[in-house]
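Structure assessment
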Amino acid sequence: MPADPVLERRSIRKYTAEPVADEAIDRLLRAATAAPSAGNQQPWTFVVIRDRETLARVPEAQPYAAMAAGAQAAIVVCGEPSRCRWPELWPQDCAAATQNILIEARAMGLGSVWCGIHPMAERERGMRALLGIPVDVVPFAIVPIGYPAESKPPAERYDPARVHYDRW
């Protein structure tokens, strides 16, 4: 288990054939729903993809998610702005839920990668068509998941020149 899943999290695009258990997917979804949410509106909803044929077709909707074909599962994070008191904030809530999935996946020894869908209308339409997502639900991101078949060292991205204290 990693010492610090936040600092050690990396985008993993190659996976082994080892299946990801239902309990692991459940744990990832629980982590997602533990994310902060504006006014506790929790606008998220999820589509879990396990079907091999559907995973292979993901790049038709999101061309930068070709790795989904080799993943054992994928979670599509969706938002429901119509349920929100502050509908303009749902993308922030779904981003936090997506990040929680990535961090929890790393903590569990799984590999994952964030592939954006929203706000690209063509990708949203494609994912809706592929998965039967209702028109009032917005596909936000897809996270392919599997046991990593590649290893990447932690990336040091901290740049003190990009930090301002008290004022710009």
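Overview of the structure. (Residues numbered from 1 in each chain as written. Predicted model: local features only at pLDDT ≥ 70, side-chain atom pairs only at ≥ 80, totals over all residues. Heavy atoms only, no water.)

**Focus: the packing of helix α2 (residues 22-33) against helix α4 (residues 90-107)**
- One can describe the packing of α2 onto α4 by two numbers: an axis separation of 7 Å at closest approach and a directional angle of 140°. The orientation of α2 with respect to α4, classified from their angle, is oblique. When the axes of α2 and α4 are compared, the crossing they make is right-handed. Across from R27, L28, A31 and A32 in α2, the residues of α4 making contact are A97, N100, I101, E104 and A105.
- Residue composition of the contact of α2 with α4, grouped by class: six nonpolar, one polar and two charged. (Axes fitted to C-alpha atoms, helices over the stretch in contact; angles between N-to-C directions. Helix = DSSP H or I, 4+ residues; strand = E, 2+ residues; numbered from the N terminus. Parallel < 35°, antiparallel > 145°, perpendicular 65-115°, else oblique. Left-handed = near helix turned anticlockwise from the far one by under 90°. Contact = heavy atoms within 4.5 Å. Nonpolar A, V, L, I, M, F, W, Y, C, P; charged D, E, K, R; others polar.)

**Section: the packing of aromatic side chains**
- Per the counting criterion, the structure on display carries two aromatic pairs.
- When the ring of W90 is compared with that of F140, the centres are 6.0 Å apart and the planes differ by 75°; the resulting orientation is edge-to-face. Placement of W90 in helix α4 and of F140 in strand β5 (residues 138-146) is noted, with a sequence separation of 50 residues between them.
- Through a chain of ring-to-ring contacts, the aromatic side chains of W90, W114 and F140 assemble into a single cluster. (Phe/Tyr/Trp six-rings, centres within 6.5 Å; stacked < 30°, edge-to-face > 60°.)

**Points about α4**
- Here α4 spans 26 Å end to end across 18 residues, near enough to the 26 Å set by a 1.5 Å rise per residue.
- All of the buried residues in α4 are W90, D93, C94, A96, A97, T98, I101, L102, I103, E104, A105 and A107.
- Against the buried residues of α4 lie α1 (5-8), α2, β1 (44-49), β2 (73-79), β3 (111-112) and β5.
- Once α4 finishes, G109 follows within two positions and takes phi at roughly 85°, a positive value. (Expected span 1.5 Å × (residues − 1). Buried < 20%, exposed > 50% of the residue type's maximum accessible area, 1.4 Å probe, protein only.)

**Some remarks on empty space enclosed by the protein**
- All chains considered together, the criterion is met by one cavity of 30 Å³ or more.
- If you add up the space inside the largest cavity, you get close to 40 Å³.
- Surrounding the largest cavity, R9, R10, I12, L102, A105, R106, L110, G111 and S112 form its lining.
- Of all the secondary-structure elements, those providing two or more residues to the lining of the largest cavity are α4 and β3.
- No other element matches the three residues that α4 contributes to the lining of the largest cavity.
- Class assignment of the residues belonging to the lining of the largest cavity gives a composition of four nonpolar, two polar and three charged. (1 Å grid on protein atoms, 1.4 Å probe; cavity = no way out; pocket = protein on both sides within 12 Å on 5 of 7 lines; lining within 4 Å. Points joined across faces, edges and corners; volume = space filled by probe spheres on them.)

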